[in-house]
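Residue-level structure breakdown
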Amino acid sequence: QVQLVESGGGLVQAGGSLKLSCAASGSIFRINTMGWYRQAPGSQRELVAAITSGGTTNYADSVKGRFTISRDNAQNTVYLQMNSLRPADTAVYYCNADIIRMFNGRDNYWGQGTQVTVSS
């Protein structure tokens, strides 16, 4: 079974930084697009950033210039460097990956979620 395990969330003051990590493990042949989503209470889950296997990135307008997504293909890991954090960034952050398994197809997977809280 493929699993995505997140780490790096926490409490930070406005203007500070955090770096999230998400490592995929299991019977993985190839990982296509990986991304980060977030969900605040009472809101829909929204895309924050995504990165293709070739390194092409896409960001939500609200985080452009502040967040950077990257990946280490050898370690099956995606990162989200978050700078200049604002209280509006407070949410549960989920990683996501489109994964081709070694022997039996392709699926989309989610991490367990990690809380990011930005205080003013």
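What counts and what doesn't
- Residues numbered from 1 in each chain as written.
- Predicted model: local features only at pLDDT ≥ 70, side-chain atom pairs only at ≥ 80, totals over all residues.
- Heavy atoms only, no water.
- Helix = DSSP H or I, 4+ residues; strand = E, 2+ residues; numbered from the N terminus.
- Buried < 20%, exposed > 50% of the residue type's maximum accessible area, 1.4 Å probe, protein only.
- Pairing = 2+ DSSP bridges.
- Axes fitted to C-alpha atoms, helices over the stretch in contact; angles between N-to-C directions.

**What to know about the environment of G54**
- Position of G54 relative to the elements: it lies in the loop between β5 (46-51) and β6 (57-59).
- G54 gets classed as exposed once you look at its relative accessible area, which sits at 70%.
- The spacing of G54 and I100 is 46 residues in sequence and 15 Å in space, taken between C-alpha atoms.

**Considerations on the side chain of N32**
- Here N32 is to be found in strand β4 (residues 28-39).
- With relative accessibility at 17%, the residue N32 sits in the buried group.

**Quick notes on the sheet that holds strand β8 (residues 77-82)**
- If you trace the 4 strands from one edge of the open sheet to the other, you get β1-β3-β8-β7, paired in antiparallel fashion. Each edge of the open sheet carries a strand with a single partner, namely β1 (3-7) and β7 (67-72). For this sheet, the mean angle separating the axes of adjacent strands, direction not counted, is 15°.
- Bridge count between strand β3 (residues 18-25) and β8: 6 bridges; the pairing is antiparallel. When the bridges of β8 are listed, K19 appears paired with Q81.

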